[in-house]
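Okay, here's what each chain looks like letter by letter:
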Amino acid sequence: MSDMKNSFFLSVLLFASISATTAQTLPDPPEQIWPTKNWNFQSVRFNAYYNIYSPKLVDADAFKLLAANVDSLSIPSDLANFNRREDSQQGSLGNLVVIGSVAFSPKSKNDNTINRRKSVQFGLGYQDLSTFETAYSINEKVMGTDSSISRDYFVSGRQKALFLQGAYIWNTDPDKAVNIYAGVGLDLGYSLSSVLVENTNKSYIYTSNDSTSNTFLPNEKTLDGVSYFNVAFVVPFGFHARIYKNWGTTAEFRYALNRTTAPGASSLVRSHFQAGLGVRYTFGKFADRKPEQELDDL
């Protein structure tokens, strides 16, 4: 996982370097192509993020509440004799986040122009999240032999969520080909689907006078889980580089404090960090670059 994260951030840095170099030879800022309103449609964009999000460890009783049908769980009748793990088997998982959004900028208070340093952003997103996890195991000797049986009971939860996004964004000088931005926002989401993956695995360890052998018998099944509500306070920040006329690219990072709630069951609060790349189309009419401007860039 560490190698994957390092490779991703190196790619982002390389992307930033290429974008900044390309942006030095870009056209002038756009001219307005429609009358100025109190709020003006400025841009549309699409971003994809890589997200680290760890599950919350709970006991088997809490997991019963997360199943759409509790009778579908195969909880061992002697679970009280098992040892419960206190650490996550899955650890922090890489999840996918994609967001499509539109932005509106206000009219300047000083004149009849658009204040492109500020914008309100609305979006629709999709996120894949790990939620809850429980894990038990027991090792039992086979009576009268040196052999043993190891049994596991492991359940993990996951949801695919759709969410609405709202954010207020501040930009540095948008007339420059490369500008930095930051903001604050709120995400509201609900599960498109929720599943529990249950493992009741067994390992038979056979011991004789001169050898030991192990037979592993996996047993996994996927069950329907309850739906979740998701609320997240989000701080996005990054940079936008205009590549060609209306088209530009973004490298964005998002800190999110997310609360996931299963009504009537459990809830968890997790802070996590997302890093992603995207493409943006800014509305307006871009002027062609003049010959003397081209010479100034050489």
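Look above for the structure.
A brief report on the enclosed structure follows. (Residues numbered from 1 in each chain as written. Predicted model: local features only at pLDDT ≥ 70, side-chain atom pairs only at ≥ 80, totals over all residues. Heavy atoms only, no water.)

### Re the overall build of the protein chain
Consideration 1: Secondary structure assignment for the protein chain yields three helices and 15 strands.
Consideration 2: By residue count, 42% of the 298 residues in the protein chain fall in the buried class.
Consideration 3: In the protein chain, 76% of the contacts between residues at least 6 apart in sequence involve partners at least 24 apart.
Consideration 4: Counting only carbon and sulfur atoms, one obtains 57% of the accessible surface of the protein chain, whose full area is about 15,900 Å². (Helix = DSSP H or I, 4+ residues; strand = E, 2+ residues; numbered from the N terminus. Buried < 20%, exposed > 50% of the residue type's maximum accessible area, 1.4 Å probe, protein only. Contact = heavy atoms within 4.5 Å. Areas by Shrake-Rupley, 256 points an atom, 1.4 Å probe, with all protein chains shown as cover.)

### A closer look at the side chain of Ser203
Consideration 1: For Ser203, the location among the structural elements is in strand β9 (residues 202–207).
Consideration 2: With sequence-adjacent residues up to four places away left out, Ser203 is seen in contact with Ser148, Ile149, Ser150, Asn214, Thr215 and Phe216.

### Some remarks on a nonpolar patch on the surface
Consideration 1: Residues Trp170, Val184, Leu186, Leu188, Val231, Phe233, Phe237, Tyr255, Leu257, Val269 and Phe273 make up a contiguous nonpolar surface patch of about 930 Å² in total accessible area.
Consideration 2: Checked against the element boundaries, Leu257 lands in strand β13 (residues 247–261). (Patch = residues over 30% accessible without salt bridge, like charges linked within 9 Å, V, L, I, M, F, W, Y side chains within 5 Å. Salt bridge = Lys/Arg side-chain N within 4 Å of Asp/Glu carboxyl O.)

### Quick look at the nonpolar core
Consideration 1: Core analysis: the largest hydrophobic core is formed by 22 residues, its most contacted members being Phe63, Leu66, Phe132 and Leu196.
Consideration 2: Those elements giving two or more residues to this core turn out to be α2 (60–64), β6 (118–141) and β7 (148–171).
Consideration 3: No other element matches β6, which puts four residues into this core.
Consideration 4: Contacts of Phe63, omitting those with residues within four sequence positions, involve Val58, Leu73, Phe132, Glu133, Thr134, Val155, Ser156, Gly157 and Leu196. (Core = buried A, V, L, I, M, F, W, Y, C linked by side-chain atoms within 4.5 Å.)

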